[in-house]
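# A structural walkthrough
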Amino acid sequence: MHHFEYRNGELHCEEVAVKAIAKAVGTPFYLYSHATLKRHYEAFEGAFEGLDRMVCFSAKANSSLAVLALFARLGSGLDIVSGGELYRGLKAGFAPSRIVYSGVGKTAEEIDYALETGIFMLNIESPEELELVNQRAKQMGVRAPIAVRVNPDVDPQTHPYISTGLKKNKFGMDRETAITVYKSAHAMENIAIKGIDCHIGSQITTAAPFRDALLRLKGLIEELAAQDIPIEVVDVGGGLGITYQDEAPPEPQEYGRAIREGLAGIDARVVLEPGRVIVGNAGVLVTRALYRKAGEAKDFIVVDAGMNDLLRPSLYDAFHDVRPVDESLAASRVMADVVGPICETGDFLSRDRLVPDVRQDHLLAVMSAGAYGFTMSSNYCSRRRAAEVMVQGDRFEVVRRRQTYDDLVAGETIPAFMED
Ligand code: LLP
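Basis of the calculations
Residues numbered from 1 in each chain as written. Predicted model: local features only at pLDDT ≥ 70, side-chain atom pairs only at ≥ 80, totals over all residues. Heavy atoms only, no water. Pairing = 2+ DSSP bridges. Helix = DSSP H or I, 4+ residues; strand = E, 2+ residues; numbered from the N terminus. Axes fitted to C-alpha atoms, helices over the stretch in contact; angles between N-to-C directions. Contact = heavy atoms within 4.5 Å. Parallel < 35°, antiparallel > 145°, perpendicular 65-115°, else oblique. Left-handed = near helix turned anticlockwise from the far one by under 90°. Nonpolar A, V, L, I, M, F, W, Y, C, P; charged D, E, K, R; others polar. Core = buried A, V, L, I, M, F, W, Y, C linked by side-chain atoms within 4.5 Å. Buried < 20%, exposed > 50% of the residue type's maximum accessible area, 1.4 Å probe, protein only. Domains from an automatic or database assignment. Lys, Arg positive; Asp, Glu negative; His and termini not counted. Salt bridge = Lys/Arg side-chain N within 4 Å of Asp/Glu carboxyl O. Polar contact = N/O pair within 3.5 Å; in protein donor to acceptor, adjacent residues only side chain to side chain. Near = heavy atom within 4 Å. Areas by Shrake-Rupley, 256 points an atom, 1.4 Å probe, with all protein chains shown as cover. Buried area = accessible area lost by both parts, 1.4 Å probe.

## Focus on the sheet that holds strand β8 (residues 121-124)
Spatially, β5-β6-β7-β8-β9-β10-β11-β12 is the arrangement adopted by the eight strands of the closed barrel, whose pairing is parallel. Sheet twist, expressed as the average angle between the axes of neighbouring strands with direction ignored, equals 30°. One ladder, built from six bridges, connects strand β9 (residues 144-149) with strand β10 (residues 191-197); its direction is parallel. Residue pairing for β10: Pro 145 is matched across the bridge by Ala 192. Contacts from helix α4 (residues 83-92) reach β6 (77-80) and β7 (99-101) within the one sheet, and its direction differs from that of β6 by about 160°.

## Let's talk about the packing of helix α8 (residues 208-226) against helix α9 (residues 252-263)
Two elements in contact, α8 and α9, have axes whose closest approach is 8 Å; the angle formed by their N-to-C orientations is 20°. As far as their axial angle goes, α9 and α8 are roughly parallel. Helix-helix and strand crossings are classified by hand; for α8 and α9 the assignment is right-handed. In this structure, α8 contributes Phe 210, Arg 211, Leu 214, Leu 215 and Lys 218 to the contact, and α9 contributes Tyr 255, Ala 258, Ile 259, Glu 261, Gly 262 and Leu 263. Considering only residue class, the contact of α8 with α9 consists of seven nonpolar, one polar and three charged.

## Thoughts on the nonpolar core
Counting residues in hydrophobic clusters, the biggest one holds 97 residues, and the most contacted among them are Phe 71, Ile 146 and Val 234. Considering each element in turn, this core owes the most residues, seven residues, to α8. Split by domain, the residues of this core number at least three in each of domain 1 (4-32 + 280-409) and domain 2 (34-276). By size, the runner-up hydrophobic cluster in this structure holds 19 residues, among which are Val 16, Val 286, Ala 365 and Val 389.

## A look at the side chain of Arg 276
Within the fold, Arg 276 resides in helix α10 (residues 276-279). Buried within the structure, Arg 276 lacks any salt-bridge partner; its nearest side chain of opposite charge belongs to Glu 247, at an N-O separation of 8.4 Å. A distance of 2.8 Å separates the side chain of Arg 276 from the side chain of Tyr 244, its partner in a polar contact. Contacts of Arg 276, omitting those with residues within four sequence positions, involve Ala 61, Ile 162, Ser 202, Gln 203, Leu 240, Ile 242, Tyr 244, Arg 312, Ala 371 and Tyr 372.

## So, the site of the ligand
Taken together, 19 residues lie around the ligand, and Ser 202, Glu 273, Arg 312, Tyr 316 and Tyr 372 are the ones closest in. The separation between an oxygen atom of the ligand and a polar side-chain atom of Ser 202 is 2.4 Å. Between the ligand and the protein, one listed contact pairs an oxygen atom with a side-chain N or O atom of Tyr 372 at 2.6 Å. Compared with its free state, where it exposes 590 Å², the ligand has 91% of that area covered by protein. Tallied by class, residues from the shell around the ligand come to five nonpolar, eight polar and six charged.

## Observations concerning the domain arrangement of the chain
Under the domain assignment, the chain is made up of domain 1 (4-32 + 280-409) and domain 2 (34-276). Each of domain 1 and domain 2 was reduced to a C-alpha centroid, and the two centroids are 32 Å apart. With 22 residues of domain 1 at the contact, the number on the domain 2 side is 23 residues. With both chains or domains summed, domain 1 and domain 2 bury close to 2000 Å², and 57% of this area falls on carbon and sulfur atoms.

## Let's talk about the pattern of salt bridges
Counted by the stated rule, this structure contains 20 salt bridges. With a shortest N-O distance of 2.8 Å, Arg 136 and Asp 112 are connected by a salt bridge. Here the residue Arg 136 occupies a position in helix α6 (residues 127-140), and Asp 112 occupies one in helix α5 (residues 108-117), the gap between them amounting to 24 residues. With a closest N to O distance of 2.9 Å, Arg 359 and Asp 357 form a salt bridge. On the basis of relative accessibility, which here comes to 43%, the residue Arg 359 falls in the partly exposed class. What emerges from the salt-bridge pattern is a single network uniting Arg 292, Asp 299, Asp 357 and Arg 359.

Below you can see the structure in the form of structure tokens.
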């Protein structure tokens, strides 16, 4: 359920006409619905009622300050993967005690930053990382709270680029290595073992892999308990999928049941790291048709947003529905590719499908773009990053202005030696 609907023949975000925003802000822009973000967060969080839980929104899905600030105000924690996300999280108002940090490549500088900030826990992904964290914590005179990320070797049946819990993936550790790491951690003065962690992938559309992964963790938790290593926190990661086209992923309630089943018999606090399921369908990318072009083999609709704005179609061949802002254009469909201005054949937003038969200047909404949309955007081809707008009821506000040409060269210099 989201708040992007036609009213009086025009696409609205909550009570605001998308066309009015485009007029005020220009295109392309990302558009988020405050009511949808809030509703999705609350539905997800509510699915775990009765459990000792902490939902940590995954910043990588959407790390815009306005979005993060909303979740911080709703009581969410934050899942981060870099020093930059920690910085954003703190700016947005998250309490350090509600921040968890995963990632295979944390640098010494990032570890120091996390320890100085006093985050809830670092999810350790390799034996060498544990050594480094212990060393840095010692230097700082603190004990680093950690969990060990376990790779449960479960197939999440999703796109290979975003499955993370298989033996062949770079994430976490196999069971044997994890046990060895827990034993060393137990003996380290500057490490406090807090939990166990796994994350098996993203855009997962069935509940079973989540349950299977937890059942595997459970065996490990029991083994650790037998060795006097208690686990207080089980971080189950994120990964719940959404409907882009015709997928039918479990509702949060059903997902909640799978997690409860997987955790049955374990007395621990549960941490959840949802990203896409909360923000994916709460945002769209609004773009304008620049040209209509008849190719020899097919037609093209050239728009002013490209793969630098929304990379998912190019990178994963991901489906994003393309809707006209003017509803009267929805009925007539044409076989055409919706392509951006970038000099690559891979620069498309939709390919080989029926799309609205739009002409120059018509506006299109690329749906389900709230997750991994802006966060994966780039300045490729020196294109300025798009603006972001948030709507609440009948109000809207630009929450990130469109970049300027000056922004594009900020921080760059022409070396003095070239003047010699
Ligand atoms: N926790 C960890 C440790 C993760 O690596 C991720 C996502 C999440 C939580 C959140 O997963 P979610 O609930 O959003 O599925 N760029 C790709 C998705 C990459 C996901 C990376 N990790 C895409 O556009 O589909």
